[in-house]
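Next come the chains, spelled out residue by residue.
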Amino acid sequence: LSGNPKKDAALTVYVAQLLVNCLWSFLFFGAQAYLLSFLWLSLLLVLIAVMIALFYPIDRTAALLQLPYFLWVLFAGYLNLAIWLLNR
């Protein structure tokens, strides 16, 4: 890691959200666990929001470039919830 505590925290959350993002696909498409995958996506949204907040003081542009990603995952969560509601 960088030795800078703020950068290290931001990178740790960045890696965590990447892992959570990757595992969502297996929950949704592989296991077809729609409620669990919606809850997992909610965790991803929280991690993305935290990542944006941690990136902002370090690099404002990097933080702002994550906003479309946040909105896309929010939309995916809406779709995920609708699929769960329609299939219960």
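The structure presented is a predicted model; accordingly, all values stated were derived computationally and were not measured. (Residues numbered from 1 in each chain as written. Predicted model: local features only at pLDDT ≥ 70, side-chain atom pairs only at ≥ 80, totals over all residues. Heavy atoms only, no water.)

Summing up its helical and strand segments, the protein has four helices and zero strands in all. Moving toward the C terminus, one meets the helices and strands of the protein in the order α-α-α-α. Principal-axis analysis of the C-alpha atoms gives the protein an extent of 45 × 20 × 15 Å. Restricting to contacts in the protein with at least 6 residues of sequence separation, those with at least 24 account for 58%. When the accessible area of the protein is evaluated, it comes to approximately 5,800 Å², of which 74% is carbon and sulfur surface. (Helix = DSSP H or I, 4+ residues; strand = E, 2+ residues; numbered from the N terminus. Contact = heavy atoms within 4.5 Å. Areas by Shrake-Rupley, 256 points an atom, 1.4 Å probe, with all protein chains shown as cover.)

Tracing the backbone shows Gln66 in the loop between helix H3 (60-64) and helix H4 (67-86). Excluding anything up to four places from it in sequence, Gln66 contacts Ile48, Met51, Ile52 and Phe55.

Right, let's get into the side chain of Ser37. Structurally, Ser37 is set in helix H2 (residues 34-58). Once residues within four sequence positions are removed from consideration, Ser37 is found in contact with Trp24, Leu27, Phe28 and Asn80.

This part covers the packing of helix H1 (residues 5-30) against H2. At their nearest, the axes of H1 and H2 sit 9 Å apart, and the two run at 160° to each other. On the basis of the axis angle, H1 is roughly antiparallel to H2. Once H1 is placed against H2, the crossing between them reads as left-handed. Along the lines of polarity and charge, the residues of the contact of H1 with H2 split into 23 nonpolar, three polar and two charged. (Axes fitted to C-alpha atoms, helices over the stretch in contact; angles between N-to-C directions. Parallel < 35°, antiparallel > 145°, perpendicular 65-115°, else oblique. Left-handed = near helix turned anticlockwise from the far one by under 90°. Nonpolar A, V, L, I, M, F, W, Y, C, P; charged D, E, K, R; others polar.)

Another point: the environment of Leu81. Among the structural elements, Leu81 can be located in helix H4. Expressed as a C-alpha distance, the spacing of Leu81 and Leu35, which sit 46 residues apart in the sequence, is 7.2 Å.

Note that all results are geometric; they support no functional claim without further evidence.
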